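Each chain, letter by letter, is given below.
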Amino acid sequence: MHPSWLERFKSTLVAIFPFPGEVFLVLAGLGCYLGTCAILRRPFSWAWALVPGLLLSLAIEAWEIQDHWGAEGFALRGQTLAILGRHLRDVAIMNLPPAAIVAVAHWLERAAAR
């Protein structure tokens, strides 16, 4: 089985930078969030800025799931919940730090208004 383009890209990143793969997910999520806020000139408390990162993470995980089932076929039926759980964990890892920033920024805005 040959690795997909995404798997080769991820292994190249891990080889160049000695960090776990989850670090790149967090950085991608934060980059999408901060980029959206900067490009659209919105405050950090704007919750709609989370949408591009969520869409990117869902697209990446859908691509990885397709790679798993394309390479392994339906032999993974017994492991389906474990595979989906791992991919949902990656979606959460990518989107929770920006969501925490939105929550804190919203809380600070409300505290400042009082």
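Conventions and cut-offs
- Residues numbered from 1 in each chain as written.
- Predicted model: local features only at pLDDT ≥ 70, side-chain atom pairs only at ≥ 80, totals over all residues.
- Heavy atoms only, no water.
- Helix = DSSP H or I, 4+ residues; strand = E, 2+ residues; numbered from the N terminus.
- Buried < 20%, exposed > 50% of the residue type's maximum accessible area, 1.4 Å probe, protein only.
- Contact = heavy atoms within 4.5 Å.
- Phe/Tyr/Trp six-rings, centres within 6.5 Å; stacked < 30°, edge-to-face > 60°.
- Lys NZ or Arg CZ within 6 Å of the ring centre and 35° of its normal.
- Expected span 1.5 Å × (residues − 1).
- 1 Å grid on protein atoms, 1.4 Å probe; cavity = no way out; pocket = protein on both sides within 12 Å on 5 of 7 lines; lining within 4 Å.
- Points joined across faces, edges and corners; volume = space filled by probe spheres on them.
- Nonpolar A, V, L, I, M, F, W, Y, C, P; charged D, E, K, R; others polar.
- Patch = residues over 30% accessible without salt bridge, like charges linked within 9 Å, V, L, I, M, F, W, Y side chains within 5 Å.
- Areas by Shrake-Rupley, 256 points an atom, 1.4 Å probe, with all protein chains shown as cover.
- Salt bridge = Lys/Arg side-chain N within 4 Å of Asp/Glu carboxyl O.

Trainee: Whenever I open this one, the side chain of Glu-64 confuses me. Can you help?
Mentor: Inspection of the secondary structure puts Glu-64 in helix H3 (residues 51-72). Judged by relative accessible area, Glu-64 falls into the buried class, the value being 2%. Not counting residues within four places of it along the chain, the set of residues in contact with Glu-64 comprises Leu-6, Glu-7, Lys-10, His-87 and Asp-90.

Trainee: Quick question: what am I supposed to make of the packing of aromatic side chains here?
Mentor: The description of two aromatic rings rests on the distance between their centres and on the angle between their planes. Within the structure shown, the criterion is met by two aromatic pairs. Aromatic pair Tyr-33 and Phe-44: ring centres 6.1 Å apart, planes at 40°, arrangement tilted. Separated by eleven residues along the polypeptide, Tyr-33 in helix H2 (residues 21-40) and Phe-44 in the loop between H2 and H3 bring together distant segments of the chain. Residue Phe-44 is classed as partly exposed on the basis of its relative accessible area, which comes to 45%. Positioned above the aromatic ring of Trp-46 is the side chain of Arg-42, whose terminal nitrogen or guanidinium carbon lies 4.7 Å from the ring centre.

Trainee: Would you mind going over H2 with me for this structure?
Mentor: Helical geometry note: an α-helix holds 3.6 residues per turn, so side chains three or four residues apart project in the same direction. Over its 20 residues, H2 extends 29 Å from the first C-alpha to the last, a length consistent with the 28 Å expected when each residue adds 1.5 Å. When H2 is considered as a whole, its buried residues turn out to be Phe-24, Leu-25, Gly-29, Cys-32, Tyr-33, Thr-36 and Cys-37. Taken from the residues just after H2, Arg-41 is the one with a positive phi, measuring 55°.

Trainee: How should empty space enclosed by the protein be read in this particular structure?
Mentor: To locate leftover empty space, one rolls a probe as large as a water molecule over the atoms. Taken as a whole and assessed by the stated rule, the structure comprises one cavity of 30 Å³ or more. Its volume calculated, the largest cavity comes out at about 30 Å³. What lines the largest cavity is Gly-29, Tyr-33, Ala-49, Leu-50, Gly-53, Leu-54, Met-94, Asn-95 and Pro-98. Residue assignment for the lining of the largest cavity shows that the elements contributing at least two residues are H2, H3 and helix H4 (80-113). The element contributing the most residues to the lining of the largest cavity is H4, with three residues. A breakdown of the residues in the lining of the largest cavity according to their chemical character gives six nonpolar, three polar and no charged.

Trainee: Is there a simple way to think about the environment of Leu-34 in this case?
Mentor: With respect to the helices, strands and loops of the structure, Leu-34 is situated in helix H2. A residue is classified by how much of its surface remains accessible, and Leu-34, at 40% relative accessible area, is partly exposed. The sequence separation of Leu-34 and Ala-49 amounts to 15 residues, and the corresponding C-alpha distance is 8.0 Å.

Trainee: Mind showing me how you'd approach a nonpolar patch on the surface here?
Mentor: On the surface, Trp-5, Phe-9 and Trp-63 cluster together into a nonpolar patch covering about 340 Å² of accessible area. Given the relative accessible area of 40%, Phe-9 is considered partly exposed.

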